[in-house]
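Coordinate analysis (summary)
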Protein chains: 2
Amino acid sequence: MDSNKRVYLFQEGTKEMRDLLGGKGANLAEMTQLGLPVPPGFTVTTEACNEYVKLGKFGDGLEEEYLQALAEMEKSIGRRLGDSKNPLLVSVRSGAKFSMPGMMDTVLNLGLNAETLAGLITQTKNERLGYDAFRRFLMMFSDIVLCSVAQRPDGKPLNLERKQFEGLLDEMKEKRGVKQDTELTADDLKELCDQYQALIRTEWGRDFPADPKEQLAMSVEAVFRSWNNKRATDYRNFHHIPHDLGTAVNVQAMVFGNTGEDSGTGVAFTRDVATGEKVIYGEFLINAQGEDVVAGVRTPMKIKQLAEWNAAIDKEFADICEKLEQHYREVMDIEFTIEKGRLFILQCRVGKRTAAAAVKIAVDMVKENLISKEEAVSRIEPVQINQLLLPRFDPDKKAEAIKEDGLLAKGLNASPGAASGLAIFDADKAEELGSKGERVVLVRTETSPDDVHGMLAARGILTARGGATSHAAVVARGLGLPCVAGCEAIRVDEEKRLFKVDGKVIKEMEEISIDGTTGEVFSGSISAIEPDFQKETDLIALLGWADEIRRLGVWANADYPRDAKKAREFGAEGIGLCRTEHMFMEQERLPVVQKMILSSTPEERKKHLDKLLPFQQADFAGIFQAMTGLPVVVRLIDPPLHEFLPGHEELLSRVVELQTELKTKENARLREELEEKQELLKAVESMREANPMLGLRGCRLSILMPEIVEMQTRAILGAAIQVKKEGFDPHVKIMIPLIGHVNELKTVRDKLEAVAKDMLAENGAQIDYKFGTMIEIPRAALTADEVATVAEFFSFGTNDLTQTTFGFSRDDAEGKFLLKYVEDGILSDNPFQTLDATGVGRLMQMAVEAGRKANPSLELGICGEHGGDPRSIQFCNELGLDYVSCSPFRVPIARLAAAQASLKISGPADK
Amino acid sequence: MDSNKRVYLFQEGTKEMRDLLGGKGANLAEMTQLGLPVPPGFTVTTEACNEYVKLGKFGDGLEEEYLQALAEMEKSIGRRLGDSKNPLLVSVRSGAKFSMPGMMDTVLNLGLNAETLAGLITQTKNERLGYDAFRRFLMMFSDIVLCSVAQRPDGKPLNLERKQFEGLLDEMKEKRGVKQDTELTADDLKELCDQYQALIRTEWGRDFPADPKEQLAMSVEAVFRSWNNKRATDYRNFHHIPHDLGTAVNVQAMVFGNTGEDSGTGVAFTRDVATGEKVIYGEFLINAQGEDVVAGVRTPMKIKQLAEWNAAIDKEFADICEKLEQHYREVMDIEFTIEKGRLFILQCRVGKRTAAAAVKIAVDMVKENLISKEEAVSRIEPVQINQLLLPRFDPDKKAEAIKEDGLLAKGLNASPGAASGLAIFDADKAEELGSKGERVVLVRTETSPDDVHGMLAARGILTARGGATSHAAVVARGLGLPCVAGCEAIRVDEEKRLFKVDGKVIKEMEEISIDGTTGEVFSGSISAIEPDFQKETDLIALLGWADEIRRLGVWANADYPRDAKKAREFGAEGIGLCRTEHMFMEQERLPVVQKMILSSTPEERKKHLDKLLPFQQADFAGIFQAMTGLPVVVRLIDPPLHEFLPGHEELLSRVVELQTELKTKENARLREELEEKQELLKAVESMREANPMLGLRGCRLSILMPEIVEMQTRAILGAAIQVKKEGFDPHVKIMIPLIGHVNELKTVRDKLEAVAKDMLAENGAQIDYKFGTMIEIPRAALTADEVATVAEFFSFGTNDLTQTTFGFSRDDAEGKFLLKYVEDGILSDNPFQTLDATGVGRLMQMAVEAGRKANPSLELGICGEHGGDPRSIQFCNELGLDYVSCSPFRVPIARLAAAQASLKISGPADK
């Protein structure tokens, strides 16, 4: 390759030259090389653009170089730019390596002026076509090129946008009393061309440049300039695309689909990009230009009607589609034009598709031996497959609902999926109806742990307050329940059992629908398409290949047997986090838990714990049964105990209210309530904390009140012994949370090891069990060499680790400033969604290295929400973790992302 | 040195052999080598002890080896152990490298039995002395040796403690109708010796071992065993002393100070250890044994009376003192005995002394050319000098107060110093009286930022709740005010303006006294000794030498001009932390601050900020004047804004109260109040945070509401410009707090740089100013390479960095679990007092290395409370920080600690 070469004829390039020719140029070159009927042309390289950016003008000799290419092109097509007899018209288009909004649009029909217009009319024998082409060219050139490169004598910005020209067009239509552009005659259009030229002269102070070479030079310069316009720069900043790539310029001979009934234009995909079916899919218009397809004035024909219109073209086009698919080994998106019965391919690129189509196409192509399993796995955006696993509203029914004004509001799309059901405003009633088989949507201002039993019984959750990591959102994602959170437009009145929105009132027991994927809230019921993972055979095949490729294990976070079953169905290879405190929240247990907490002696506490033990044991037994043969990590109690007690505010209000009432009139019943509430308030106050997130919780609690975790250990091992007798194969990992110092872990582990040994000895049982810890406090990561000597496994609790490493409280940060941080680009991502590799990741890396060095058999995983985020999974793979653990519904995503992570490491670098 | 040698005669050792001979043995050997009159003896080494611990019995040949030494000793003294004519008696004492409570006590008079007793009586011609010595020996040997090494035939523990024997002694005294031991006759004591032996026989089932060699062997074994008794083991654990050092055993010939009026015994220091004056200081008793001095039965004589009693002995003793001081180059603590006019030195060690004496002695010794300045600086425990800088109660007056039952309670010694004054229960009244010159002690259940104006006016603070890092404690330490916090015994009733304690009631305007150094609270006033730094000439000299030695700069944390002046007087070389928010709390400003916070538009906010600007500018001007020529680091606003608003709880209670009252009866005035309070409550609620420590504060606030820090920057630079015109020399460092990501710093700095440039341009002024940040969030430390590119200085905010690295909220942790952690040895220190070098220190080290690498001119300091803690200062010196900053009253401590840190690094390793 000539390193100084700045202009390539299409026949000189290949699809591998995207860096130099841009995506569009490379594909045009490739198709030319393949012998497809591509109108001839050339590409000015990205390097020429970079040179322009650097110099502020064309590099020396660039113009000569592209005029030389133009001459070659003229020779091959037998027409010349500016030739009044047989004029060549060209399109000029930008084309960077990555498609990028904000870059310069297409200029069509470049080369037209009074003389060449006459030639075009003679050639096409179509005067109207000629003036219409000229009119459009004048408008596009002014709007796109002149506004970019030309200057008014007074230095003010040129006022030559599209809307100026369309104003004149509208005036003309009004004057002629017509509605459609197509109703204007050739004379009308000719008059319009004169008006357009006059406008340019007035505004610019110069005549429209009649010289086609000047037109070309200005257009190339406009493309170059558009590389650094604000929209393109912002886009690159946002997407982390380097600013030094530059854009190429494609100059291609015009062909005309609007020269008669034997002409036409269309767009097609080589397969159905909605379903993935292997049929050519697209539409075309007879006697039309590309713009007309977009404008939607005439209804286009389906591509399968092509055969009826012209069997030969149809055959030729089908062959080209086949050839391109075989060559690119991809579904291609093709623009084509038929000029007087002759087919031209104007452009091709990889076709965008739905999630379902993407999976089917990838799997089919493997079956067709077109691509490898690795390629199939690489081609699917992991989060896309979520769409296949969650209930979604029937699109037609949803559109109907919107038409009928059923859309009430939009909130945060906090947990994907769709649900319809009766609006219910408290957890107890939701549980009651849910247990009777009613479909229920729980509506709350915000949820708290007290609401969990109602959430478990609901089909979906709607809250008026709270962000993507509010209690409602986190629990819903964990349960795979659709959730719209922080829907600020609705006002929930829990006492009156209704919500108001925009003047409407929705009362309890009225039906509503929520779309957790989009955040929409509807009145009434919308029928949904329920997914069935077992029927997603293509997806199952694809994930099977992903499993062959990936190194990382994929486990799930599940607190209940039903979640564990779901996770296993989705391919989880273990439970990476089973939170035991959710079990404490269930309605029949909470009163016992509260008594346990308020106990004044360890003996009293033990008495209440003994009552909880059978419940916990039954919970664990269910999970061990569901996960037989696979590991289950059970995290011991973590939250501060005051979370299990009534709210301080509520109690305080009631106490003050009672005090005030009793001041005016004594009342024995109220006096008794006051005394009881005051005592409870005192207890709650003694447990209040300034920063509960950094307070008495996790292992700190276990050191102060070992009775609770001793009971939990007995329940866990009791369950394991029980299910083993039933023929199951439990693998128990007990996780001690919130460790900051090795001595904390040692203190708790020593105590629990003793309990475990006693249990097993008493029962004469042998159980595979291990003790480990969560790494969620910076100090634990910093001193991992010490901690690893006492732990058999580490699980990175990246939710809390992100909180402490950034000093962000999620509850406070996301609502109050994190959004602004991401908007302003202070942070590129919300670190609670995508792992902060630079900061939090650095700590993880230190912990992995020091931990493995101190204890080579240490098992390493992650159980924060990042475990289900593809970019974070990639990072975990690079760190060398053994597994990621995520919510059950993200297990398929994680399997795929883990495979892609493996491919990126083992395959060649691919940018 | 023979590596197998396990027994050393005193003449064979030196003071350098502490590892092998223990402290006591090494000093006895040294004195013997110096030719002092030390009764002969030998030392069994620590290695012999370790061998015993390993084997569970004496190592082979050990007994032969010490008997050999005994034989040498017998030869030199001309008496023999067990000789009935001329018996040698010995003392047996433990002596480890470090003095250690719990180790075996002394056994005196070993070697006595019926025969040798007869010999002793013949020799001393004193029957009573003989039986008294035997009685004491029987008791000590049983209590100390038999209880350790002997066994009852039935395996139960031996019941032969001291109290058993003293019981018999008491019976005898009762029988004889006497009160003092000395009133018993020789016959009485003889009878008692028989009773003692009978007791031993009954309890042990064996006769008391008459064989002096058996007595010796059992005693040596008892010393060895005492090395691993519980008290000694716990002590070593607590003080991080290795368990494998072992203890030595010293066997020394007995001399008798109770053989007549020409005998005596005493203890003396080579200088006055209370004042430091260069005079021998101590006391002695004629015709007495060591025990008698301790028992306090007879009033001893002062050492200066020695000359009157025996001028030759006095001269000899004074010469020995001089010799020992010159030799050890230290004040020595000497035990001596005079037997029949002959002086013996029984033991010597370095003398303990008061802080004042320590300073004077060190400075004097430099002047006497006895020690170098470096040694003088090394010898003072830095925290000790605090005693010289704070008011303290006159010890006599305090003792009087205790005698008169004035001690009310004891709380936490939260901030040292002593204060008396009127008990005042609210901040406003404290301020009012304080401004009139009244001495006031502010008494509160706990304090909040609302109380600061009252604290500023008080002489001391007393709170019923809160730990060593509660608001009251932290502010008081910052202000150098005495504070007793968390005094749980008192019940403060702020409404009734009184507190109750133990049945007593202290009302407002009654006088109380608090001792913040001890935590004591007294009724009434106690006169105090007020320190005057300028008069502490010895201390000033010592600190001057420290300044020559230290590498670390010592700056101070000061928020007010008067603190800055104090700090400078104490030698601070800059202000490392000036917190600007305290200024917002002052009474006349707070209403404006609240209006500013509750503003609904930036314009409204700016209006209120404009009113605050002159106040802030005046504050800064005062500090810049006080610190002219030295750097001042001003931290921009840090706490969450809700800290400036009324408390949520208080507001909520009032709202509920009003609502309840208005339910029964309408009242226009109350209705109006309700509406106003409800609106305020709403605002407060919207600002509430789940974890304010991790919420909207620091730079996050500055990003969301830049107006506040823009005002502060104008006030800071305005003040600098103003004082420069007045002839001062301000050096301004603006510190942006709570940075986690470099982009946060960049965003805020860019904004403020613009403000600063404008200010300077408008005023045509040139000011030396820099921008930097606090490193207090783990992520900032982890990404210090990035942060350092935008910062001109780092100041480690180790209070918050410790909170986030451990995931500890100080407010919650210290009261709830940190104390237990330290007690249980989970943490060796409270990490808020002494820097956690392993975890937090690791982050600091990373930040220092990466920061300096990215920005070689980066200035590094620490402004957390650790900046005043000597061990933390040592660590900061090792890290290579440029300075430490601490509260003004700790500046002298820090100067000394910094010098010691330098000496430890540059000097030879000294364990």
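Conventions we followed
- Residues numbered from 1 in each chain as written.
- Chains lettered and ligands numbered in written order.
- Predicted model: local features only at pLDDT ≥ 70, side-chain atom pairs only at ≥ 80, totals over all residues.
- Heavy atoms only, no water.
- Axes fitted to C-alpha atoms, helices over the stretch in contact; angles between N-to-C directions.
- Helix = DSSP H or I, 4+ residues; strand = E, 2+ residues; numbered from the N terminus.
- Parallel < 35°, antiparallel > 145°, perpendicular 65-115°, else oblique.
- Left-handed = near helix turned anticlockwise from the far one by under 90°.
- Contact = heavy atoms within 4.5 Å.
- Nonpolar A, V, L, I, M, F, W, Y, C, P; charged D, E, K, R; others polar.
- Least-squares fit on C-alpha atoms with pLDDT ≥ 70 in both.
- Buried < 20%, exposed > 50% of the residue type's maximum accessible area, 1.4 Å probe, protein only.
- Polar contact = N/O pair within 3.5 Å; in protein donor to acceptor, adjacent residues only side chain to side chain.
- Pairing = 2+ DSSP bridges.
- Buried area = accessible area lost by both parts, 1.4 Å probe.
- Salt bridge = Lys/Arg side-chain N within 4 Å of Asp/Glu carboxyl O.
- Core = buried A, V, L, I, M, F, W, Y, C linked by side-chain atoms within 4.5 Å.
- Domains from an automatic or database assignment.

**Examining the packing of helix α23 (residues 590-598) of chain A against helix α24 (residues 602-626) of chain A**
Residue and element names in this part refer to chain A. For the pair α23 and α24, the least separation of the axes is 8 Å and the interaxial angle reads 160°. The angle between α23 and α24 places the two elements in the roughly antiparallel class. Crossing geometry of α23 relative to α24 is assigned as left-handed. Side by side, α23 and α24 meet where V592, V593, K595 and M596 of the first sit next to R605, H608, L609, K611 and L612 of the second. Taken together, the residues of the contact of α23 with α24 break down into five nonpolar, one polar and three charged.

**Observations regarding the relation of the copies chain A and chain B**
Laying chain A over chain B is done by rotating through 180° and shifting 0.3 Å along the axis; what remains is an RMSD of 0.3 Å. Here the symmetry operator amounts to a two-fold rotation axis. Among all C-alpha atoms of chain A, that of N691 of chain A lies closest to the rotation axis, at 2.2 Å. When the interface residues of chain A are mapped onto chain B, 100% of them again lie at the interface, so the same face is used by both copies.

**Quick notes on the side chain of S415 of chain B**
Residue and element names in this part refer to chain B. In this fold, S415 is placed in strand β15 (residues 412-415). Since its relative accessible area comes to 2%, S415 is described here as buried. From its side chain, S415 meets the backbone oxygen of L481 in a polar contact 2.7 Å long. Once residues within four sequence positions are removed from consideration, S415 is found in contact with A476, R477, L481, P482, C483, G516 and T517.

**Topic: the pairing of strand β5 (residues 90-96) of chain B**
All names here are of chain B. Counting buried positions along β5 gives seven out of seven residues, so the element sits mostly inside the fold. Every second residue of β5 is oriented toward a common face, with V90, V92, S94 and A96 on one face and S91, R93 and G95 on the other, all of them buried. Bridge count for β5 against strand β6 (residues 107-110) is two bridges, and the pairing is antiparallel. When the sheet's bridge partners are listed, V90 is paired in β6 with L110. Sheet analysis places β5 next to strand β7 (residues 247-253), joined by seven bridges and oriented antiparallel. In the sheet register, G95 faces β7, and the bridge partner there is A248.

**Concerning the interface of chain A and chain B**
Counting from both sides, the interface comprises 56 residues of chain A and, opposite them, 56 residues of chain B. Summed over both sides, the interface between chain A and chain B buries roughly 5000 Å², with carbon and sulfur atoms accounting for 59% of that surface. On the surface where chain A and chain B come into contact, there are six salt bridges. Between R779 of chain B and D836 of chain A there is a salt bridge; the shortest N-O distance is 2.7 Å. Across the contact surface, chain A and chain B share 35 residue pairs in polar contact (both at pLDDT 80 or more). At the level of secondary structure, the elements contributing two or more residues to the side of chain A that touches chain B comprise α25 (648-664), α26 (668-687), α27 (699-704), α29 (742-763), α30 (778-782), α32 (798-806), α33 (810-823) and α34 (840-854) of chain A. No other element matches the nine residues that α25 of chain A contributes to the side of chain A that touches chain B. Partitioning the side of chain A that touches chain B into residue classes produces 22 nonpolar, 17 polar and 17 charged.

**Quick notes on the nonpolar core**
Judged by nonpolar contacts, the single largest core of 304 residues is most densely connected at F624, F796, M844 and L881 of chain A together with F796, M844 and L881 of chain B. If we ignore the near neighbours within four places in the chain, the residues touching M844 of chain B are F796, T798, L801, L835, I862, F875, L879 and L881 of chain B.

**Digging into the domain arrangement of chain A**
Residues and elements named next belong to chain A. Each assigned domain of chain A is listed with its residue range as follows: domain 1 (391-530) and domain 2 (551-584 + 615-640 + 695-807 + 834-902). Taken over C-alpha atoms, the centre of domain 1 sits 32 Å from the centre of domain 2. Each partner contributes to the interface: domain 1 provides seven residues, whereas domain 2 provides seven residues. Carbon and sulfur atoms supply 51% of the area that domain 1 and domain 2 bury against each other, a total of about 680 Å² over both sides. In this structure, the connection of domain 1 to domain 2 is made through zero salt bridges. At the boundary of domain 1 and domain 2, one finds zero residue pairs in polar contact (both at pLDDT 80 or more). Of all the secondary-structure elements, those providing two or more residues to the side of domain 1 that touches domain 2 are α18 (452-457) and α19 (471-479). With four residues, the top contributor of residues to the side of domain 1 that touches domain 2 is α19. Class assignment for the residues of the side of domain 1 that touches domain 2 results in four nonpolar, two polar and one charged.

**Side note on the pattern of salt bridges**
Oppositely charged side chains can pair when the atoms bearing their charge come close. The final tally for this structure, using the stated rule, is 137 salt bridges over all chains. Across the pair D547 of chain A and R550 of chain A runs a salt bridge, and its minimum N-O distance is 2.9 Å. For R550 of chain A, a relative accessible area of 11% corresponds to the buried category. Here K360 of chain B ties to D364 of chain B by a salt bridge, and the two come within 2.9 Å at their closest N and O atoms. Separated by four residues within a single helix, K360 of chain B and D364 of chain B lie in helix α13 (residues 355-367), roughly one turn from each other. The structure contains a network of salt bridges with shared partners spanning R329, E330, R353, E375 and R379 of chain A.

**Things to note about the sheet that holds strand β5 (residues 90-96) of chain A**
Where strands meet in a sheet, backbone hydrogen bonds hold them as pairs that are either parallel or antiparallel. All names here are of chain A. In space, the five strands of this open sheet follow the order β1-β2-β7-β5-β6, with antiparallel pairing throughout. Among the strands making up the open sheet, the edge pair consists of β1 (7-9) and β6 (107-110). Across this sheet, the average inter-strand angle for adjacent strands is 25°, counted without regard to direction. Inspection of the sheet shows β1 paired to strand β2 (residues 41-44) by three bridges, in the antiparallel sense. When the bridges of β2 are listed, L9 appears paired with F42. Seen against the sheet, helix α3 (residues 62-77) touches β1, β2, β5 and β7 (247-253) and runs at an angle of roughly 165° to β2. In this fold helix α8 (residues 212-226) packs onto β2, β5, β6 and β7, with an angle of close to 150° to the strand it touches most, β7.

**Remarks on the sheet that holds strand β27 (residues 575-579) of chain B**
Residues and elements named next belong to chain B. Read around the closed barrel, the eight strands follow the order β26-β27-β28-β29-β30-β31-β32-β33; overall the barrel is parallel. Adjacent strand axes in the sheet meet at a mean angle of 30° when their direction is disregarded. Note that strand β32 (residues 859-862) and strand β33 (residues 883-886) share two bridges and pair parallel. Its bridge partner lying in β33, G861 is registered against Y883. Across the sheet, helix α29 (residues 742-763) touches β29 (731-736) and β30 (768-775), and the angle it forms with β30 is around 160°.

**Describing the environment of N310 of chain B**
Residues and elements named next belong to chain B. Within the secondary structure layout, N310 lies in the loop between α11 (306-309) and α12 (311-328). Separated by 310 residues in the primary sequence, N310 and F620 place their C-alpha atoms 69 Å from one another. From its side chain, N310 meets the backbone nitrogen of I313 in a polar contact 3.1 Å long.

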